[in-house]
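Working through the structure, step by step
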Amino acid sequence: MSQDYEHIETKLIHSGEPLPHIEGAVVVPIFQSSTYESGGGEARWDDIKYMRLGNTPNHKALQDKLAAIENAEAALVSASGMAAITASLLTCLSCGDHLLVQDNLYGGTFGFVTKDLPQYGVSTDFFDAGDPDSWEAKLKPNTRVIYVETISNPLLKVGALNQVAEFARKHGLVSMIDNTFASPLYFRPIEHGFDISLHSATKYLNGHSDVVAGVVIGSAELVDRIHQKQNRLGGSLDANSCFLMQRGLKTLALRVRQQNENALALAEFLEGHHRIEKVFYPGLPSHPDYERAKKLLEGYGGMVSFVMAAEAGIKTVKNVLNKLQLPIKAPSLGGVESLITIPAESSHRGLSAEELERAGIPETLVRVSVGIEAVEDLIEDFRSALE
Ligand SMILES: *Cc1c(COP(=O)(O)O)cnc(C)c1O
């Protein structure tokens, strides 16, 4: 790792950058080479430079930067958020083990723990991350991993995260947290005692909706084990995507701060609008987890969900969405452009009406990934679409 800097804004620019600069290049060039001349000697297989092994100059620079910005020993990049999540879970769980995951999981993760892990003899139970008193009862002698998300999708709930890390330490579990929605700007899990922080870098870390990638962050020992598993599973990131993520990362602080500011202003506007029944944003005092979010997070992120007033059926909601000029109707999140989606028809499409109800997700809930457009333009767009 290059010199350590105090502030994340400086780390985003300078940490992990190779020194001296390669051929004097201010930016790490793309090393579009699948394999590298061997240096000879006693290197282990994983030390041989080969793109699948995630150890080219592009991987190294990026991973060092990622570790630095979350104040951790090590980081690993993956071909997608799901590649990072699955490699991490498969590293820490064996046949016969038990996993605790928070309810309201990201759809892909939910699918993996309910459809794939049982195939390998791993059982899973769900728990309410906001209710620490209920956790002990869910524990089994074979529980190995506890898994949460910093801010949940799409209701933007924030669990008792410090207690999750404490609970894991007390019971000898590996604690994992999907930190995608908060980004390292607003929450750095390792500082809160988590073992593993995971990201879909597709979202805020890259920030420009042009890369699919994932990140694992944690101790050198644990990240190395996950890295070796990933080398065998094969979900490595290519050099070109490393380059794009490295470029995107440099403006993370500027982007996410603006998204946070815009999201708060939009959430406040929507909350005051007569056609809106309920707004979900952890930075609004009306959000059930507002107090906890205020203590845990340094910002509330760029995601806002809302439900229109009771008489509005799905047709009216779609009508409003179609009238909007700025937000693009698309799933995913975290890019510089605002995106809008109906979770029941996108991220949560696989859920039945009953399951949606149990998860507390209204069929007409709308989710906005707020971009960095002028907030006046965004608010005006929503005002005229709602009228
Ligand atoms: C998108 C997302 C993922 C999956 O990431 P991919 O890069 O699409 O594989 C995981 N967790 C959260 C919270 C996400 O938003």
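Below: a short report on this structure.

What counts and how
Residues numbered from 1 in each chain as written. Predicted model: local features only at pLDDT ≥ 70, side-chain atom pairs only at ≥ 80, totals over all residues. Heavy atoms only, no water. Buried < 20%, exposed > 50% of the residue type's maximum accessible area, 1.4 Å probe, protein only. Helix = DSSP H or I, 4+ residues; strand = E, 2+ residues; numbered from the N terminus. Right-handed = clockwise from strand over helix to strand, strands pointing away. Pairing = 2+ DSSP bridges. Salt bridge = Lys/Arg side-chain N within 4 Å of Asp/Glu carboxyl O. Axes fitted to C-alpha atoms, helices over the stretch in contact; angles between N-to-C directions. Left-handed = near helix turned anticlockwise from the far one by under 90°. Contact = heavy atoms within 4.5 Å. Nonpolar A, V, L, I, M, F, W, Y, C, P; charged D, E, K, R; others polar.

As for the pairing of strand β5 (residues 174-178)
Most of β5 sits inside the fold, with five of its five residues counted as buried. You can see the chain leave strand β4 (residues 143-149), run along helix α5 (residues 161-171) and come back into β5, and the turn it takes is right-handed.

Points about the pairing of strand β6 (residues 196-200)
Burial runs high along β6: five of the five residues are buried. Residues Ile196, Leu198 and Ser200 line one face of β6 and the alternating positions Ser197 and His199 line the opposite face, and both faces are buried. Note: β6 against strand β7 (residues 214-218), five bridges, orientation antiparallel. Note on β7: the bridge partner recorded for Ile196 is Gly218.

As for the pattern of salt bridges
Going through the model one piece at a time under the given rule, you end up with 11 salt bridges. Glu345 serves as the salt-bridge partner of Lys318, at 3.1 Å between the closest nitrogen and oxygen. Residue Lys318 is found in helix α11 (residues 314-323), and its partner Glu345 is found in the loop between β11 (339-341) and α12 (353-358); the two are separated by 27 residues along the sequence. Look at Lys318 and you get partly exposed, because its relative accessible area is 35%. Sharing partners across several salt bridges, the network here consists of Arg188, Glu191 and Glu298.

Description of the packing of helix α2 (residues 57-69) against helix α8 (residues 239-249)
Relative to each other, α2 and α8 sit at 35 degrees, their axes nearing to 9 Å. Crossing of α2 over α8 shows left-handed handedness. Between α2, through Asn58, His59, Ala61, Leu62, Lys65, Leu66 and Ile69, and α8, the contact on the second element is made entirely by Ala239, Cys242, Met245, Gln246 and Leu249. Class assignment of the residues belonging to the contact of α2 with α8 gives a composition of eight nonpolar, three polar and one charged.

The analysis is restricted to geometry; functional conclusions fall outside its scope.
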